[in-house]
Protein chains: 2
Amino acid sequence: MKIGLLGLGTVGGGVYRIVENCRERWESKYGEKINIKSILVKDMHKKRSIRVDSSVITDKALEIVKDPEIDTIIELIGGNDKAFELIVKAMESGKNVVTGNKAVVSEQFTKLIETAVKNGVYFGYEASVCGGIPIIKTLNQMKDINDIDYIKGVLNGTTNYILDKMSREKIGYALSLKQAQEIGYAESDPTADVEGFDAQRKLAILCSIAYDIHLKPEMIPCMGISKITGKDVSAVKHMGYIPKLFAYAKKKDHFFNACVEPVLVDRNDVFANIPGAKNMVAVNGNYIGELQLDGEGAGMFPTANAVVSDLLDILGKSSPSYPEFGRGKLSFLGMEGCTGRYYVRISPGENRIIESLLAEIERENVECKIFKDRDDLIMVTEKTSQKRIYDYMKAIDEKNWSNCFMRIAD
Amino acid sequence: MKIGLLGLGTVGGGVYRIVENCRERWESKYGEKINIKSILVKDMHKKRSIRVDSSVITDKALEIVKDPEIDTIIELIGGNDKAFELIVKAMESGKNVVTGNKAVVSEQFTKLIETAVKNGVYFGYEASVCGGIPIIKTLNQMKDINDIDYIKGVLNGTTNYILDKMSREKIGYALSLKQAQEIGYAESDPTADVEGFDAQRKLAILCSIAYDIHLKPEMIPCMGISKITGKDVSAVKHMGYIPKLFAYAKKKDHFFNACVEPVLVDRNDVFANIPGAKNMVAVNGNYIGELQLDGEGAGMFPTANAVVSDLLDILGKSSPSYPEFGRGKLSFLGMEGCTGRYYVRISPGENRIIESLLAEIERENVECKIFKDRDDLIMVTEKTSQKRIYDYMKAIDEKNWSNCFMRIAD
């Protein structure tokens with residue numbers, strides 16, 4: 001196996017180290033020499049903590065992808081178009097491809113599998129969802145036997161860390177985010193994490209596998225955590241809840257829905273106790289029942305471990321695990337038909353506006369309890385249409401009020 | 001694929017149903033006809049809830065195992081010698097074998113793998129540990145990349161159900177066991193479950209995989225739950241603990257130890273909240289970190305799901321996952337060198353005996369707190385040698401006192 005490694009960032013560095021450490025064991029087990037022949041970097045002169053022979057380093061991606069000696073490409077450059085182009089070129093030159101790039105997998109899933117199958121190469125993407133948790137292989141295997149009833153999980157470690165900190169240390173959102181940035185859990189532009197887009201991509205990949213339909217991330221309703229304040233965390237704590245950014249999908253007759261949104265889980269629920277930056281996924285199948293996996297969702301070595309697990313599948317000549325798009329029997333429902341109980345906090349400027357809002361809610365017949373929390377109003381609704389709540393909140397946003405809403409777990 | 005199914009009990013019935021329900025989907029996916037050609041039963045005339053064509057039923061095991069048309073044997077008859085003989089015969093006739101039999105796997109692991117490799121057949125044993133939790137495949141894959149630091153888990157659903165019930169409903173051991181028997185969670189002779197032998201076998205298989213050394217079950221120190229009383233559950237609850245039957249193994253320098261014993265876990269620990277008959281396993285590797293799996297550890301369909309997952313590996317021509325016995329670098333340590341804090345309850349008949357015991361403990365310099373719980377004495381030791389505690393308790397047993405001891409989780 002001659003490897004071309006695209007990207008020597010955190011995960012790329014981890015892959016390099018694991019391969020160097022385990023190479024001899026694998027060579028003897030699989031009877032094949034293993035070699036990282038070329039490594040693509042952006043900056044040839046950057047100082048690195050990892051010692052790599054300078055002769056294998058290059059900044060010319062196409063040289064690696066077209067190198068006839070290289071049989072396996074590991075793509076870890078991230079992003080969409082460029083990565084997609086390189087992966088497809090590599091497959092078309094008969095190379096196996098392993099990626100940890102959730103953007104490209106979620107957007108180009110159909111095309112990637114088609115290209116791999118057409119060219120008879122292995123396409124591995126275990127590292128694209130939840131780092132050290134082997135959810136891709138597990139879910140592919142589950143759904144070969146089971147009808148998947150639901151998937152639910154905390155798929156984003158950064159938001160879990162922030163919410164966990166807010167809850168434990170009674171600090172506000174901004175400070176908690178800042179601390180997450182300081183220790184490297186959150187990026188300087190945290191949008192993808194805190195607005196839920198990272199979890200949305202991961203959920204899109206999981207749904208695509210579970211339901212054999214290529215669900216693009218942007219189809220999934222998505223609400224982040226940036227409007228949750230210390231006041232909310234403390235108010236829901238008194239009600240016995242812990243807020244988590246949940247990604248979930250559920251089958252309903254001939255449809256399934258999917259959503260990423262903050263969810264209040266009972267403090268005794270197993271999901272309430274996921275610490276720090278960990279991830280947890282639960283999948284329910286009609287035969288296997290509920291299976292939960294819980295582990296390191298990100299980080300150098302856990303994610304590199306997932307990349308390497310695909311390499312070992314190639315060495316062991318295991319069949320790759322692909323969904324069968326086009327064979328799925330369920331349609332995607334979006335937000336229509338979905339219901340839930342919601343916690344809503346509104347901090348308006350004028351009492352007159354609150355009154356008109358309350359009147360509106362009453363007109364619409366959403367049963368709910370309303371109480372004051374200092375200057376704010378907190379509403380806890382009975383089961384109501386998810387879409388209605390989202391529409392309300394959109395209307396409130398347009399009025400430029402500060403507000404926050406979270407679904408209450410069933 | 002022409003299957004010979006040995007055993008049509010709970011799991012066998014589940015396998016039959018899943019194969020019948022999914023057959024068409026798999027035939028189209030894997031391009032191969034799938035057929036359960038023969039089924040071995042003990043009693044040809046027994047009434048069954050499952051409808052099976054009488055022409056496929058037989059009570060002659062050797063006919064199935066020697067049938068040249070059958071290429072895959074599923075062994076679900078349980079027990080040791082007979083099952084071993086049939087599996088080996090099947091492999092020697094070039095048949096793939098899938099088993100859910102933890103007794104035969106744990107005792108004959110070396111021989112089974114050797115025979116499979118020698119005959120170039122697939123040997124699948126996912127169903128031998130923890131039913132619906134895919135721990136065998138996951139652990140095999142983890143340890144191909146990682147050094148396994150520890151394994152710990154609640155591997156036996158029956159004892160978890162009994163202890164859970166004692167804890168929640170404040171009832172004694174005997175009543176809780178009786179109720180577990182009534183709903184079918186415990187067998188009429190519950191010894192294998194409640195004395196820990198079932199968990200001991202499962203742990204033996206997991207250690208053998210993790211450490212590449214065939215560890216026989218009887219090597220693992222094992223203590224069951226039958227001496228835990230309602231008084232113990234209530235006493236430890238006041239200290240903030242929940243008792244669980246734990247199976248664990250841990251690497252220490254060039255050694256590893258393993259043990260099955262009741263362990264007191266903090267009530268907020270994730271292991272404290274495993275409900276009813278569920279199982280949970282945590283494995284820690286140097287790269288992947290801690291991975292936890294949690295699901296249905298037994299039952300018709302979850303276990304049948306595991307059997308079927310091996311069938312799909314055969315259909316998909318995946319490589320089987322075997323430990324490499326002989327390559328393991330760690331030696332098994334047994335109880336030597338292991339330490340822990342222990343909870344001990346002694347209900348002796350005579351104060352004089354208690355006094356002599358206390359004197360003995362003091363002489364041995366085991367630091368501990370001692371307090372009275374009604375007529376009993378409860379001791380909570382500081383870290384002490386596991387072997388010393390086991391020796392004490394053995395001595396007490398010989399004096400025919402009632403007693404109970406449980407390790408306190410670190």
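Residues numbered from 1 in each chain as written. Chains lettered and ligands numbered in written order. Predicted model: local features only at pLDDT ≥ 70, side-chain atom pairs only at ≥ 80, totals over all residues. Heavy atoms only, no water.

Enquirer: What is the right way to look at the interface of chain B and chain A in this model?
Expert: It is common to give the size of an interface as the accessible area lost on bringing the parts into contact. Facing 45 residues of chain B, the contacting portion of chain A comprises 45 residues. Between chain B and chain A the total buried area reaches about 3600 Å² when both faces are included, carbon and sulfur atoms providing 45% of it. In this structure, the connection of chain B to chain A is made through four salt bridges. Aspartate 144 of chain A is the salt-bridge partner of lysine 29 of chain B, the closest N and O atoms lying 3.2 Å from each other. Inspection of the chain B/chain A interface yields 22 residue pairs in polar contact (both at pLDDT 80 or more). Put simply, the parts of the chain that give the side of chain B that touches chain A at least two residues each are α1 (10-30), α5 (135-145), β11 (289-296) and α11 (300-315) of chain B. As paired elements, strand β11 (residues 289-296) of chain A and β11 of chain B share three bridges and run antiparallel to each other. For aspartate 294 of chain A, the partnering residue across the bridge sits in β11 of chain B and is glutamine 292 of chain B. (Contact = heavy atoms within 4.5 Å. Buried area = accessible area lost by both parts, 1.4 Å probe. Salt bridge = Lys/Arg side-chain N within 4 Å of Asp/Glu carboxyl O. Polar contact = N/O pair within 3.5 Å; in protein donor to acceptor, adjacent residues only side chain to side chain. Helix = DSSP H or I, 4+ residues; strand = E, 2+ residues; numbered from the N terminus. Pairing = 2+ DSSP bridges.)

Enquirer: When you look at the relation of the copies chain B and chain A in this model, what are you seeing that I'm missing?
Expert: In summary, the two copies of the chain are related to each other by a rotation about an axis coupled with a shift along it. Between the two copies, chain B and chain A, the superposition gives an RMSD of 0.0 Å; the rotation angle is 180 degrees and the shift along the axis is 0.0 Å. In the structure described here, the two chain copies are related by an operation that fits a two-fold rotation axis. In this assembly, 100% of the residues forming the interface of chain B have copies in chain A that are likewise at the interface, indicating an isologous arrangement. (Least-squares fit on C-alpha atoms with pLDDT ≥ 70 in both.)

Enquirer: Would you explain the packing of aromatic side chains in this entry?
Expert: In this description, a pair of aromatic rings is defined by centroid distance and the angle of the planes. Residues and elements named next belong to chain B. Considering all chains together, one arrives at 20 aromatic pairs over all chains under this definition. Geometrically, the ring pair formed by phenylalanine 109 and phenylalanine 325 is edge-to-face, given 5.2 Å between the ring centres and 75 degrees between the ring planes. In this pair, phenylalanine 109 sits in helix α4 (residues 102-119) while phenylalanine 325 sits in the loop between α11 and β12 (331-332), placing the two residues 216 residues apart along the sequence. For phenylalanine 325, a relative accessible area of 22% gives the class partly exposed. Their ring planes at 70 degrees and their centres at 4.7 Å tell us that tyrosine 161 and tyrosine 185 sit as a pair that is edge-to-face. Remark: tyrosine 185 occurs in the loop between α7 (173-182) and α8 (191-194) and tyrosine 161 occurs in helix α6 (residues 157-169); sequence separation between them is 24 residues. (Phe/Tyr/Trp six-rings, centres within 6.5 Å; stacked < 30°, edge-to-face > 60°. Buried < 20%, exposed > 50% of the residue type's maximum accessible area, 1.4 Å probe, protein only.)

Enquirer: Before we go on, may I ask you to explain the state of the cysteines in this structure?
Expert: Scanning all chains against the criterion turns up zero disulfides over all chains. This cysteine, cysteine 338 of chain B, is not joined by any disulfide, and cysteine 259 of chain B carries the nearest cysteine sulfur, 7.5 Å off. (Disulfide = S-S within 2.5 Å.)

Enquirer: Which parts of the structure should I look at to understand the side chain of asparagine 257 of chain A?
Expert: Among the structural elements, asparagine 257 of chain A can be located in strand β9 (residues 255-266). Each residue touching asparagine 257 of chain A, except ones within four places of it in the same chain, is listed here: Tyr248, Ala249, Lys250, Lys252, Phe332, Leu333, Gly334 and Cys338 of chain A.

Enquirer: Which parts of the structure should I look at to understand the pairing of strand β7 (residues 148-154) of chain B?
Expert: For a regular strand, side-chain orientation follows a simple rule: the groups alternate between the two sheet faces. Residues and elements named next belong to chain B. Across the seven residues that make up β7, a large majority, five, are buried. Pairing of β7 with strand β8 (residues 241-252) involves four bridges; the strand directions are antiparallel. Of the residues in β8, the one forming a bridge with glycine 153 is alanine 247.

Enquirer: How should the pattern of salt bridges be read in this particular structure?
Expert: If the charged atoms of two oppositely charged side chains come close together, the side chains can form a pair. Residue and element names in this part refer to chain A. Following the criterion strictly, the structure yields 52 salt bridges over all chains and no others. For aspartate 212, the salt bridge goes to lysine 143, with nearest N and O atoms at 3.0 Å. Remark: lysine 143 occurs in helix α5 (residues 135-145) and aspartate 212 occurs in the loop between α9 (197-211) and α10 (230-238); sequence separation between them is 69 residues. Assigned by exposure class, aspartate 212 and lysine 143 land together as buried.

Enquirer: Sorry, what's going on with the packing of α5 of chain A against α1 of chain B here?
Expert: How two helices sit against one another is set out by the angle between their axes and by the gap between those axes. As a packed pair, α5 of chain A and α1 of chain B sit with axes 9 Å apart at the nearest point and diverge in direction by 115 degrees. Here Lys143, Asp144 and Ile145 of chain A of α5 of chain A come into contact with α1 of chain B, specifically with Ile18, Cys22, Arg25, Trp26, Lys29 and Tyr30 of chain B. Its residues assigned to classes, the contact of α5 of chain A with α1 of chain B shows five nonpolar, no polar and four charged. (Axes fitted to C-alpha atoms, helices over the stretch in contact; angles between N-to-C directions. Nonpolar A, V, L, I, M, F, W, Y, C, P; charged D, E, K, R; others polar.)

Enquirer: Help me understand the environment of glutamine 141 of chain B in this model?
Expert: Following the sequence through the fold, glutamine 141 of chain B ends up in helix α5. Residue glutamine 141 of chain B is classed as partly exposed on the basis of its relative accessible area, which comes to 24%. Spatially, the C-alpha atom of glutamine 141 of chain B lies 34 Å from that of glycine 184 of chain B, the residues being 43 residues apart in sequence. Look past the residues within four positions of glutamine 141 of chain B in its chain and what remains in contact with it is Lys137, Ser309 and Asp313 of chain A.

Enquirer: Looking at this structure, I do not really get the environment of lysine 89 of chain B. What am I missing?
Expert: Residues and elements named next belong to chain B. By secondary structure assignment, the location of lysine 89 is in helix α3 (residues 81-92). A residue is classified by how much of its surface remains accessible, and lysine 89, at 28% relative accessible area, is partly exposed. Put simply, lysine 89 and isoleucine 50 are 39 residues apart on the chain and 28 Å apart in space, counted from C-alpha to C-alpha. For lysine 89, the residues in contact, after removing those within four places along its chain, are Leu62, Val65 and Lys66.

Enquirer: Just to check I follow, could you spell out the side chain of aspartate 310 of chain A for this structure?
Expert: Relative to the helices and strands, aspartate 310 of chain A is located in helix α11 (residues 300-315). Here aspartate 310 of chain A is in contact with Val98, Tyr122, Gly124, Tyr125, Glu126, Ala127 and Lys137 of chain A, once residues within four sequence places are set aside.

Enquirer: Please explain the sheet that holds strand β4 (residues 72-75) of chain B as it appears in this structure.
Expert: Hydrogen bonding along the main chain pairs the strands of a sheet, whether they run parallel or antiparallel. Residues and elements named next belong to chain B. An order of β3-β2-β1-β4-β5-β6 is seen for the six strands of this open sheet, with the pairing classed as parallel. Strands at the two margins of the open sheet, each flanked by one partner only, are β3 (57-58) and β6 (123-124). Two elements, strand β5 (residues 96-99) and β6, share two bridges in a ladder whose sense is parallel. What sits directly across from valine 98, in β6, is glycine 124. Strand contacts of α1: β1 (2-6), β2 (35-40) and β4, with the helix running at about 165 degrees to β2, the strand carrying the most contacts. The strands touched by α11 within the sheet are β1, β4, β5 and β6, with β5 carrying the most contacts at an inclination of about 160 degrees.

Enquirer: Looking at this structure, how should I read the pairing of strand β14 (residues 368-373) of chain A?
Expert: Residues and elements named next belong to chain A. Pairing between β14 and strand β15 (residues 376-381): six bridges, direction antiparallel. Looking across to β15, one finds that isoleucine 370 is bridged to methionine 379. Between β14 and the antiparallel strand that follows it, β15, lie two residues; arginine 374 among them carries a positive phi value of about 50 degrees.

That's the geometry; what it means functionally is another story.
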